[in-house]
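Chain residues, written in single-letter form:
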Amino acid sequence: MTTQLRIGVTGHRPALLGETDPDLLQARVAAVFAAVDHAMAPFDGRVTLISCAAAGADRLAAAVGEQRGWAHEAILPFPADDYARDFAGGPDVEAFRHGLATAQRVFALDGVRDDASGETDPRRGARAYERAGRVLLAQCDLLVGIWNGGPPGGPGGTGQVIAEAVIAGLPVIHLALAADEAPTILWSGLNAHALGEDTVDTVARAGLDRLPEVLAALPGLRGADGPQVASAPPSRAWLEAPLAWPYRMLLWLTRARAGRGSASATPAAHPAPPPLAADLAERFATADRAASAAAAAYRGAYVANFVLAAAAVLVSLSGLVLPMAAKPLLLAGEIALIAAILTVTGLGTRRGWHQVWIEQRQLAERLRCLGLAARLGDLGLRGHGAGTRPGVQAEACVAARALGLPAQTVTPAWLAAMRDELLALTADQRGYFAREARTMHRLDHALHRAGVILFSATAAVCVAFLGYEAWLGLTGHPVDEEHLHHLALWVTLLTAAFPTLGAALHGIRMQGDFAGAAERSHAVDAQLAGLERAIRDEPPGFDTLVVRMRRVMALLTEDLDSWTYTYQGRPLVLPG
């Protein structure tokens, strides 16, 4: 997949450009873009320019970008014919139409200028420009602001767009209107450490000489030289497939699996997401399969290790009641069991099941949501969860940049379709989390109950043996010392075996965190249920759908972060 850099442009219209020499301004914009191309040279990628296609700075930047061979995408605050009213007639409108014709993609929002009575309402128009500016920020890695440095003139203006970019942590190249002011990078990432939320007045500043450093910090831009998602070595299905069976057997024995569906302790093997672009669907399927395979091997391996460890103890204890002739066979069996534990643990460590599971699952879930969010204009280039691995951030951003801006005019029918897809995604996730909560609760409860039975049985055997000895002493019944000794050996075996099995079951419970998974899944299901009701009951407006989509993504990201935090501290290790 080709490396891409997405640059947004915001700037003043002709009235605010004032006495600025357009030829000189164009030359200065060209110098900035040349610096971007120079900084991009090591990444061997292409640049896409995104603007709102307005007269003035937007159109000037698009022309310079076209000269450099950059692609252009346009976000319109209104349907195209309505937006054309913003421009003077004749050549100005023709230039606008030409810009749309040459744009690679055009996303026309459904802004309106008039109120219910048909009168022009400036506040409605301002909100439309503000919305377009926010879509612009959600589409780019870097923002070029052709700005006079003054305070925001109103919603959706250049000053507000730049202020929101700074707050969001988006790098901004400020190109002042004064020709004697050098372009300046505004970006909180220039600081060595996070210093809190910045504003335009407090954000760190630097010259264009630090632009390569800024680009290198963008997730996914460095390609193969940057962080990568963990992936398993070439498949050895014949070796790994049997390791999935111990966990499956555990689910069957405990009757924890409620019908068909996933029974993992992680967001794995969810229902298919809403329709995805071909490349994105293929990458999602690849990540989902890799995560599911690694999870199956990892879960089966830790169940097998605890069972094998308990079996090794039982084999050793059986020497108390078996003939001496069986000792060599018992020792050989114990050595074989220990060797099996070491082999399974070593194989899991070398093939990285734990890390592959976590990172491929993170990637699959990000791609699942990206398919719908990108169609609403949000590429999610910065909204990564705190627990998201760098390689996952990089690959998700590469996939997002390839999707780019939707080529779409927002209409009531399209909004209704988007709402239906968001409801389908929410319902799918609710179904998964509800099944997961039931399965994990049943599994945890069954293992806990089995542990209680085993430890209770230990106490019962001890009490029974002591009662038997007391009965012998009180009744004066003749004591067969050999029989009593043999019985004591069996009691020793049982009172060691039962706690050993109970400890193995407890180890499986702790490693799998089944109780925590059930609790988290139930909580997410409840929150998604509230969102689902709100989405269904509300009219499908663009702003509302974007807010609800981001909330769904936030819930899933928070759950994924919680899950990652829990499981990253549970690698496959020797049972102890």
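Residues numbered from 1 in each chain as written. Predicted model: local features only at pLDDT ≥ 70, side-chain atom pairs only at ≥ 80, totals over all residues. Heavy atoms only, no water.

Caption draft 1: Structural context of the overall build of the protein chain. In terms of helices and strands, the protein chain carries 18 helices and 9 strands. Rg of the C-alpha trace for the protein chain: 32 Å, well past the compact-globule value of 25 Å for 576 residues, more than 25% over. The dimensions of the protein chain, computed from C-alpha atoms along their principal axes, are 120 × 55 × 40 Å. By sequence separation, contacts in the protein chain at least 24 residues apart represent 81% of the contacts at least 6 residues apart. Entry remark: accessible area of the protein chain is about 26000 Å², with carbon and sulfur atoms responsible for 60%. Both charge centroids of the protein chain, one from 50 positive and one from 57 negative side chains, sit 6 Å from each other. (Helix = DSSP H or I, 4+ residues; strand = E, 2+ residues; numbered from the N terminus. Rg over C-alpha atoms; globule rule 2.2 N^0.38 Å. Contact = heavy atoms within 4.5 Å. Areas by Shrake-Rupley, 256 points an atom, 1.4 Å probe, with all protein chains shown as cover. Lys, Arg positive; Asp, Glu negative; His and termini not counted. Charge placed at Lys NZ, Arg CZ, Asp CG, Glu CD.)

Caption draft 2: Here's a closer look at the packing of helix 11 (residues 278–318) against helix 13 (residues 353–373). In the contact formed by helix 11 and helix 13, the axes pass within 7 Å of each other and the chain directions differ by 150°. The element helix 11 and its partner helix 13 pack so that their crossing is left-handed. Residue classes in the contact of helix 11 with helix 13 are distributed as 17 nonpolar, 4 polar and 5 charged. (Axes fitted to C-alpha atoms, helices over the stretch in contact; angles between N-to-C directions. Left-handed = near helix turned anticlockwise from the far one by under 90°. Nonpolar A, V, L, I, M, F, W, Y, C, P; charged D, E, K, R; others polar.)

Caption draft 3: Layout of the sheet that holds strand 5 (residues 142–147). An order of 8-7-6-5-1-2-3-4-9 is seen for the 9 strands of this open sheet, with the pairing classed as mixed. The strands lining the two open edges of the sheet, one partner per strand, are strand 8 (205–206) and strand 9 (408–409). Inspection of the sheet shows strand 1 (residues 4–11) paired to strand 5 by 5 bridges, in the parallel sense. Looking at strand 5, one finds that T10 is bridged to G145. (Pairing = 2+ DSSP bridges.)

Caption draft 4: Structural view of helix 16 (residues 481–512). Between its first and last C-alpha, helix 16 extends 47 Å over 32 residues, near the 46 Å set by a 1.5 Å rise per residue. Near the N-terminus of helix 16, the side chain that reaches the backbone nitrogen of E482, with its oxygen 3.2 Å away, is that of D480. Positive phi shows up at D513, right after helix 16, with a value of about 50°. (Expected span 1.5 Å × (residues − 1). Polar contact = N/O pair within 3.5 Å; in protein donor to acceptor, adjacent residues only side chain to side chain.)

Caption draft 5: Structural view of the pattern of salt bridges. Going through the model one piece at a time under the given rule, you end up with 29 salt bridges. Connected via shared salt-bridge partners are R13, D82, R85, D86 and R113. (Salt bridge = Lys/Arg side-chain N within 4 Å of Asp/Glu carboxyl O.)

Caption draft 6: How the structure looks around the pairing of strand 2 (residues 46–51). By the criterion of burial, strand 2 is predominantly enclosed, with 5 of the 6 residues buried. Pairing between strand 1 and strand 2: 5 bridges, direction parallel. Residue pairing in the sheet places L5 in a bridge with V47 of strand 2. In the sheet, strand 2 pairs with strand 3 (residues 71–76) via 4 bridges, with the strands oriented parallel. Following the sheet pairing, I50 is matched in strand 3 by E73. For the crossover from strand 2 across helix 3 (residues 57–67) to strand 3, the handedness is right-handed. (Buried < 20%, exposed > 50% of the residue type's maximum accessible area, 1.4 Å probe, protein only. Right-handed = clockwise from strand over helix to strand, strands pointing away.)

Caption draft 7: Just the side chain of N305, in detail. For N305, the location among the structural elements is in helix 11. We classify N305 as buried; its relative accessible area is 2%. Within the structure, the side chain of N305 is placed 2.9 Å from the side chain of T345, a separation counted as a polar contact. Discounting residues that sit within four places of it in the chain, N305 has contacts with I341, V344, T345, L572, V573 and P575.

Caption draft 8: Seen up close, the packing of helix 13 against helix 15 (residues 412–475). Two elements in contact, helix 13 and helix 15, have axes separated by 10 Å at closest approach and are oriented at 160°. The orientation of helix 13 relative to helix 15 falls into the category roughly antiparallel. Considering only the axes of helix 13 and helix 15, their crossing is left-handed. Taking contact as the criterion, the partners of E365, R368 and L372 in helix 13 are, on helix 15, M418, E421, L422, L425 and Q429. When its residues are assigned to classes, the contact of helix 13 with helix 15 shows 4 nonpolar, 1 polar and 3 charged. (Parallel < 35°, antiparallel > 145°, perpendicular 65-115°, else oblique.)

Caption draft 9: Broad picture of the confidence of the model for the protein chain. With 92% of its residues at a pLDDT of 70 or more, the protein chain shows a mean pLDDT of 87. Within the model, the stretch residues 259–272 combines pLDDT values under 50 with 55 contacts to residues more than four positions away or in other chains. (pLDDT = per-residue confidence, 0-100.)

Caption draft 10: Broad picture of the packing of aromatic side chains. In this structure the tally under the stated criterion is 12 aromatic pairs. Relative to Y129, the ring of F78 has its centre 5.4 Å away and its plane inclined at 85°; by these criteria the two rings are edge-to-face. Note that F78 is positioned in the loop between strand 3 and helix 4 (80–83) and Y129 in helix 6 (residues 122–139), a separation of 51 residues in sequence. The class for F78 is buried, based on a relative accessible area of 0%. Classification of Y129 by relative accessible area gives partly exposed; the value is 24%. Consider the rings of F107 and W414, whose centres lie 6.2 Å apart with planes at 70°: the pair is edge-to-face. Of the two residues, F107 sits in strand 4 (residues 105–108) while W414 sits in helix 15, which places them 307 residues apart along the sequence. Exposure remark for W414: the relative accessible area of 11% places this residue in the buried category. (Phe/Tyr/Trp six-rings, centres within 6.5 Å; stacked < 30°, edge-to-face > 60°.)

Caption draft 11: Fine view of the environment of R28. For R28, the position within the fold is in helix 2 (residues 22–40). Residues R28 and A179, spaced 151 residues apart in sequence, show a C-alpha to C-alpha distance of 8.1 Å. Discounting residues that sit within four places of it in the chain, R28 has contacts with L175, A176, L177, A178, A179 and E181.

Caption draft 12: Looking closely at the side chain of D444. Secondary-structure assignment places D444 in helix 15. Not counting residues up to four positions away in its chain, the partners in contact with D444 are R509, F514 and A515.

Caption draft 13: Structural detail: the state of the cysteines. In this structure the tally under the stated criterion is 0 disulfides. Counting only cysteine sulfurs, C140 is the nearest neighbor of C52, a cysteine outside any disulfide, at a range of 10 Å. (Disulfide = S-S within 2.5 Å.)

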